[in-house]
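# A closer look at the structure
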Amino acid sequence: MQESERSKLEEVVRGIIEGRIKLHEADKILGNANAGALARRLALEKMLGVSLSSIGSTILDFEELVGRNIENPIGAVQIPVGIVGPLRVRGDYANGDYYVPMATTEGALVASVNRGAKAITLSGGARAKVLRDGMARAPVFWTPGIEEAARFVEWVREHMDEVRREAESTTRHGKLLEVQPFITGNLVWLRFVYETGDAMGMNMATIATDKAAEWILANYPGTVRLIALSGNMCTDKKPALLNMLFGRGKTVVAEAVIKRDVALKVLKARPEEIDFVNRVKNLLGTARAGSFSLNAHFANIIAAIFIATGQDVAQVVESSMGYTWTEVRNGDLYISVTLPSLEVGTVGGGTRLPTQREALALMGVAGGGDPPGSNARKFAEIVAATVLAGELNLLAALAANELARAHKLLGRGEARKEKNTANSKPTN
């Protein structure tokens, strides 16, 4: 850094500390987002008496990210990334053995999913299928009363060609699949559902719906006004029965038949025991608790994959809702997971960051697919199969009463202590 640049940086740092310069102004004054990040970080260190050198150690170029992925950056946070695999997936889009990156700080999680992946692969792999694919945005409209509300819904139905034309004029890859109306009193929600290619598609759906809503308001002959572009019937980043029934993002199922000898050798539990734990824990236990997401720990696996691959982490809320089902078939174990609302993409958002893009490339799903949408659906099938592996292993660990021991060994570092103790013993 030249002397003039250093002097300017120091002046901005002083300005932030003294309150003369706002945090977001540093980039513009210094003419560079990376320099702005450095100024904010140095100012915070002096103001708060802390060291942020680890946060400052990053490969990210904020010139590329500010205005797209972040505001007021000061650096980056690193999370360990482990690998699961090989996991054999037999899907309509994913077909082969995959290595799946998971970013987590929870000890035992990667090892747990990896053991489930081993059992699935030795049993022939997981069958995965995307049943539905549609991102939703649901504006809410006010009308004077129920008669007007009903007329409004019918008018929108009659003018779907025009509504579709307006919505699709905002995007190259987005296609308006349907509009699902919901009436409560004098209020009308129109749930717009889009095919969004390889993007997760929430922003695409929002922009397209905004354009469609403008046209509706300008052309509807009755009395109506838009209350909010998002009326919470979408439903985004909140648990909702609507998403469980209608789906949002990808509705995907993964299943496998675990051979009895594999269950006994790898999972250390009989199929009958695993099935019983699933029925008592995931079905009855969840029902007794009043939840409508009947699974053991979908969120663990989905959150770790989302962080590693640059997905919208807040959407773990709805993406991790779903069902685990088991049956004993001729002594073997059938197991499936159903994820009604898995919201993933391979372009846009955080997928453009360098480490996240590499994580997607590990699975052969980075960037846009040919045809459009194929990479995102392939990714969804891999995610579902990985969730299946995690559910299988946790149920088996509970059946064999291994859960506490696994967390003690891997979550508290006991395995490392045992290894160090063994290495310190004298040899003959």
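Preceding this section is the structure that the text describes.
Being a predicted model, the structure only gives us computed values, none of them experimental.

### Regarding the nonpolar core
Ranked by internal contacts, the top residues of the largest apolar core, which has 56 residues, are Met102, Ile120, Ile258, Ile302, Leu339 and Leu342. The biggest single contributor to this core is helix H16 (residues 374–399), with twelve residues. Phe152, Val156, Met200 and Met202 belong to the second-largest nonpolar core, a separate cluster that totals 26 residues.

### What to know about the pairing of strand S9 (residues 323–329)
By the bridge criterion, seven bridges tie S9 to strand S10 (residues 332–342) in an arrangement that is antiparallel. From the neighbouring strand, Val328 faces S10, where its bridge partner is Leu333.

### Quick notes on the pattern of salt bridges
This structure, assessed with the given rule, holds 24 salt bridges. Linking Asp236 and Lys237 is a salt bridge whose minimum nitrogen-to-oxygen distance equals 4.0 Å. Note that Arg260 and Glu272 form a salt bridge whose closest N and O atoms lie 3.0 Å from each other. Taken as a pair, Arg260 in helix H11 (residues 260–267) and Glu272 in helix H12 (residues 271–289) lie far apart in primary sequence, twelve residues in all. Take Glu272: its relative accessible area is 30%, and that puts it in the partly exposed class. Salt bridges sharing partners connect three or more residues here, namely Asp236, Lys237, Arg248, Asp312, Glu318 and Glu343.

Scoring rules and cut-offs
- Residues numbered from 1 in each chain as written.
- Predicted model: local features only at pLDDT ≥ 70, side-chain atom pairs only at ≥ 80, totals over all residues.
- Heavy atoms only, no water.
- Core = buried A, V, L, I, M, F, W, Y, C linked by side-chain atoms within 4.5 Å.
- Buried < 20%, exposed > 50% of the residue type's maximum accessible area, 1.4 Å probe, protein only.
- Helix = DSSP H or I, 4+ residues; strand = E, 2+ residues; numbered from the N terminus.
- Pairing = 2+ DSSP bridges.
- Salt bridge = Lys/Arg side-chain N within 4 Å of Asp/Glu carboxyl O.

None of this, on its own, says anything about what the molecule does.
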